[in-house]
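Results of the structural survey
Each chain, letter by letter, is given below.
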Amino acid sequence: MKFCLKLLALSAALTMTMVATAQMTDNTQATNTAKAGINKSLTDEIGAGRGTLSTPSSSVFIINRDPFRAIRRGRQLFQRKFTRLQGQGANEGDGVGDLNTDIAIGAGLSDSCALCHGRPRGSGGSGGNVVTRPDSRDAGHLFGLGLKEMLADEITTDLRATRDLAITRAMQSHRSITMKLASKGISYGSITAHSDGTLDTSQVAGVDADLRVKPFFAEGSTISMREFIVGALHNEMGLEASSDPDLLTASSGGRVVTPSGMVLDGSKDTISPPPQPDSQNGNEIDPAIVDFLEFYLLNYFKPGHDIKNSATDHGRSLFAKTGCAQCHVADLTINHDRRVADVETVYDPVNAGCTQDGFCFFNSLFATASALYQDVNDGSGFPDLKLPLENSFVVKDIFTDFKRHDLGQNFYERNWDGSMRTLFLTRALWGVGTTGPYGHDGRSSTLNDVILRHGGEAKAARDAFAALKPNDSSALMTFLNSLVLFPPDDTASNLDPGDSTQANFPQFGHGSIKLTVLFNDPTDPE
């Protein structure tokens, strides 16, 4: 209720809030008449560093007491064009070294996260391509990244609980015990525990023997968003977060809980350490920057749905009938959701502001934000804590099983050392309608191409698709194309439904997903 009341009370302020773009300059260092860009300097964004719940302007304080500002600040840091004076460049080895042992040399040098993840405009989307492999890698979109991290972590917990139970039963019964490995309706094979506590993991399927599901990168090689962020800052931007306290502790065998609530336990998992300090600048990225980026991606929008009709409904049924849904599982439930809000984005031409004759200004989508937090007065005299409810949440139409599969030679990937990668994580299909070209390497121009490229474990589903009648294959494509990404700055929402009476509409007043109205102080823009 407080969330809705705040929207109503601040509706008049919507027209005063600046609209952001894709990559963004810093208004404090690159002035412009339009005043388009980031309003705070990098020093102001870092504020008091990580701090505590009692340290105003620190990342921990803002994340817990002003979370929508924290999300927005993370977004501004994601879009920020870092300068050489701020430590940007050179990247790994400055392009010199042995690619056989250090594939990061092939990463492209960027000045912002948005250069690789910026399509659609202003989003944490796709768009980059790097030569970390001989035949390149495409940068996947980051929509729903926090949901992926939470699902993978909960699946890991379930699988390891089954493993530990098998060991206990085997040791108590003095005989070998085999148990099925399953979580959220997905089978990961089976595991056998022996009476001496040893394990037979030969029948484990789709995941490593340690049962850790790694949801990031095409091969499934990284556990957490924090590792992903610190690694990208180093590899793609030449920015060294060498003093990150969480990765330093966890990579040395310790256990930490990041400000976004992710548990990193080095006694159970191999956690990537932060990079070494820059030879000239030392540590270049304050932990607060990583904190804000992690919190931003934890809460980042999930993909949306374009128009639904009889054709998309028929295509969805064919998607299941052909066997595609065996690996691309539609809905998965999170038990404890760490986000503070959810945004549901759907085809809604009326609320999107489309005219009666079907003319839409930028798109025909409308986003509805809903709160997932509780206010807690901790008696500190500071603003209330706004803590996640941590209820269950059904993640709809993600279309993945978080398993690695062999999709046949058409998907195999050459490595710089001459070896061949044959197993890849099932790509989540949400947003697939707006993320071409396709495949981890971007080698398939169309959805039809990438589906027909499937083989190996997916050959039966591929053949069933190839055998469809033209009308049926068209319906299936229509369904897949309805799974879309969207530009948050150009998508109307209940936070900013738009105002067509504004001067210079639609460049102004077109509506957006505008978090500013949810700040503790909306008059202080990011």
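Read on for an overview of the structure. On a predicted model such as this, the values are computed, not experimentally measured, just so you know.

Reading guide: rules and limits
Residues numbered from 1 in each chain as written. Predicted model: local features only at pLDDT ≥ 70, side-chain atom pairs only at ≥ 80, totals over all residues. Heavy atoms only, no water. Salt bridge = Lys/Arg side-chain N within 4 Å of Asp/Glu carboxyl O. Helix = DSSP H or I, 4+ residues; strand = E, 2+ residues; numbered from the N terminus. Buried < 20%, exposed > 50% of the residue type's maximum accessible area, 1.4 Å probe, protein only. 1 Å grid on protein atoms, 1.4 Å probe; cavity = no way out; pocket = protein on both sides within 12 Å on 5 of 7 lines; lining within 4 Å. Points joined across faces, edges and corners; volume = space filled by probe spheres on them. Nonpolar A, V, L, I, M, F, W, Y, C, P; charged D, E, K, R; others polar. Expected span 1.5 Å × (residues − 1). Polar contact = N/O pair within 3.5 Å; in protein donor to acceptor, adjacent residues only side chain to side chain. Contact = heavy atoms within 4.5 Å.

On to the pattern of salt bridges, then. Inspection of the entire model under this criterion finds 42 salt bridges. For Arg212, the salt bridge identified is with Asp153, shortest N-O distance 3.0 Å. Of this pair, Arg212 sits in the loop between β7 (199–200) and α6 (225–237) while Asp153 sits in helix α5 (residues 145–173), and the two are 59 residues apart along the sequence. Both residues of the pair, Arg212 and Asp153, belong to the buried class. One salt-bridge network, held together by shared partners, links Lys40, Asp66, Arg69, Arg73, Asp524 and Glu526.

Here we take up the layout of surface pockets. Here the second largest pocket is characterised by a volume of approximately 690 Å³. It is α5 that contributes the most residues to the lining of the second largest pocket, 9 residues altogether. Here the lining of the second largest pocket is composed, by residue class, of 13 nonpolar, 8 polar and 13 charged.

Turning next to helix α4 (residues 67–79). Its 13 residues give α4 an end-to-end C-alpha distance of 18 Å, which sits within 8% of 18 Å, the value for a rise of 1.5 Å per residue. Counting buried residues along α4, 13 of its 13 residues qualify, which places the element largely inside the surrounding structure.

The next thing to look at is the side chain of Ser493. Following the sequence through the fold, Ser493 ends up in strand β22 (residues 492–493). You can call Ser493 buried: its relative accessible area is 1%. Of the polar contacts made by the side chain of Ser493, one reaches the backbone oxygen of Ser512; its length is 2.7 Å. Beyond its immediate chain neighbours, meaning those up to four positions away, Ser493 contacts Phe366, Ala367, Ser512, Ile513 and Lys514.

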